[in-house]
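Chain residues, written in single-letter form:
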Amino acid sequence: MPEGHSIHRLAAAFSELSKLGIARASSPQGRFTEGAAALDNAKITRPWAWGKHLFLEFEVPQPATLHVHLGLYGSWKFQAGEGIALPGHIGAPRMPGEHPGDTYKHFSGQFQPAPPGENVRLRLEFSRAVADLSGPNQCELLDNAGVEKILARLGPDPLVDSCSSQDFIDRARKTSRRIGEVVMDQSFIAGPGNIYRAECLFRCGINPNRQAAKVSVKRLQALWEDLRSQMRRGLKEGLICTADDPSQGRFWVYQRSGEPCRRCGAIVREQIVAGRRSYWCPKCQK
DNA sequence: GTTTGATGTCGAC
DNA sequence: TCGACCTCAAACG
């Protein structure tokens, strides 16, 4: 369920874990036994993210990259010894752990991780930390060609510094689809999900049903910038919060259909766009 | 105890 | 557009 900011957060977590040396890999659930065996006793050399895809490059005889997509209900759970900076949990279900203020298991003295649950697809065990993956949409070992194939169908990621808005804007101006569909299409822009779509379209005053090609270049540029700044905020805080005043709630419109708009008081609406519930204010978003 | 639904994506009709 | 994927807390009874 996580959007792109969570995956970049995961890459940062694995960057910490990679400092702990080689990893023992296993598949307690048994559905990734071969892959785990190939990674066992190897070191993570480069963890990185693009959109909602996590890539962990391992130093094994043949260069191998673990590709993980959490999908709708995947998650990583971490346990770590004292002094190791890791979140407790990233992914579904929504619960404490992904947030910096939440407590997560720290072990003083001897590090003794809890045994993996039945549904753990992959456990990566380091000297004083453990990462458990469950419920991923995808968990596979790729060579470089396989990685390229995935990147080829992903658009620019606002959280990747080297990406610019150019491709996103060019393609949005050519498609016949609505902007609410375009923002959710990972080939147009990689990373945003249903919350950032609803929230940033609101913040930019764009109706999700508007034809993307009719949105001005200037406003598409503003949308890209807003997605980037809000996702950076989520990356930093470990929590999606797009409201200016969080004390009244984290969201402007997401999951607020039937309630008054926080800006103008009009009733927030809801409609399925690109297969997902979309929320917008009929007065603020034209 | 059972149903629902979720910050996702693909592939078959 | 719809179901499958595969997980689990929350909502419902």
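Everything numeric in this text was worked out from a predicted model, so none of it was measured. (Residues numbered from 1 in each chain as written. Chains lettered and ligands numbered in written order. Predicted model: local features only at pLDDT ≥ 70, side-chain atom pairs only at ≥ 80, totals over all residues. Heavy atoms only, no water.)

A. The side chain of histidine 89, seen in detail. Here histidine 89 lies in strand β6 (residues 89–91). Given the relative accessible area of 3%, histidine 89 is considered buried. Within the structure, histidine 89 has its side chain in polar contact with the backbone oxygen of alanine 92 (distance 3.4 Å). (Helix = DSSP H or I, 4+ residues; strand = E, 2+ residues; numbered from the N terminus. Buried < 20%, exposed > 50% of the residue type's maximum accessible area, 1.4 Å probe, protein only. Polar contact = N/O pair within 3.5 Å; in protein donor to acceptor, adjacent residues only side chain to side chain.)

B. Local environment of the packing of aromatic side chains. A full pass over the atoms with the stated rule returns eight aromatic pairs. Seen in terms of ring centroids, tryptophan 48 and phenylalanine 55 are 4.2 Å apart; in terms of plane orientation they differ by 15°. Their pairing is stacked. Classification of phenylalanine 55 as buried rests on a relative accessible area of 0%. Stacked on the ring of phenylalanine 188, the Lys or Arg arginine 171 has its end atom at 3.9 Å from the ring centre. It is arginine 263 that lies over the ring of tryptophan 252; its NZ or CZ is 4.9 Å from the centre. (Phe/Tyr/Trp six-rings, centres within 6.5 Å; stacked < 30°, edge-to-face > 60°. Lys NZ or Arg CZ within 6 Å of the ring centre and 35° of its normal.)

C. Main features of the pattern of salt bridges. One pass over the structure, following the stated rule, counts 13 salt bridges. The closest approach of N and O atoms between aspartate 40 and arginine 24, which form a salt bridge, is 2.8 Å. Taken as a pair, aspartate 40 in the loop between α2 (33–39) and β2 (43–50) and arginine 24 in strand β1 (residues 24–26) lie far apart in primary sequence, 16 residues in all. Here aspartate 40 falls in the partly exposed class, since its relative accessible area comes to 22%. Judged by relative accessible area, arginine 24 falls into the partly exposed class, the value being 45%. Note that arginine 203 and aspartate 244 form a salt bridge whose closest N and O atoms lie 3.5 Å from each other. You can see arginine 203 sitting in helix α6 (residues 194–203) and its partner aspartate 244 sitting in the loop between α7 (217–237) and β11 (269–273), a full 41 residues away along the chain. A relative accessible area of 25% means that arginine 203 is categorised as partly exposed. Connected via shared salt-bridge partners are Arg203, Asp226 and Asp244. (Salt bridge = Lys/Arg side-chain N within 4 Å of Asp/Glu carboxyl O.)

D. Region of interest: the protein's contact with DNA strand C. Residues in close proximity to DNA strand C include Gln29, Arg31, Tyr73, Pro93, Asn119, Gly135 and Asn137, which together make up its full environment. Taken together, the sugar and phosphate atoms account for 47% of what DNA strand C places within 4 Å of the protein. Arginine 31 places a polar side-chain atom, nitrogen or oxygen, 2.2 Å from a phosphate oxygen of DNA strand C. Contacts to DNA strand C include tyrosine 73, whose side-chain N or O atom sits 2.3 Å from a base oxygen. Along the lines of polarity and charge, the residues of the surface near DNA strand C split into two nonpolar, four polar and one charged. (Near = heavy atom within 4 Å. Nonpolar A, V, L, I, M, F, W, Y, C, P; charged D, E, K, R; others polar.)

E. Highlighting unusual backbone geometry. One non-glycine residue, asparagine 41, adopts positive backbone phi at about 65°. Mapping asparagine 41 onto the fold places it in the loop between α2 and β2. Look at asparagine 41 and you get partly exposed, because its relative accessible area is 44%. Backbone geometry places glutamine 255, a non-glycine residue, at a positive phi of 55°. When you line up the elements, glutamine 255 lands in the loop between α7 and β11. The exposed category is assigned to glutamine 255, whose relative accessible area is 53%.

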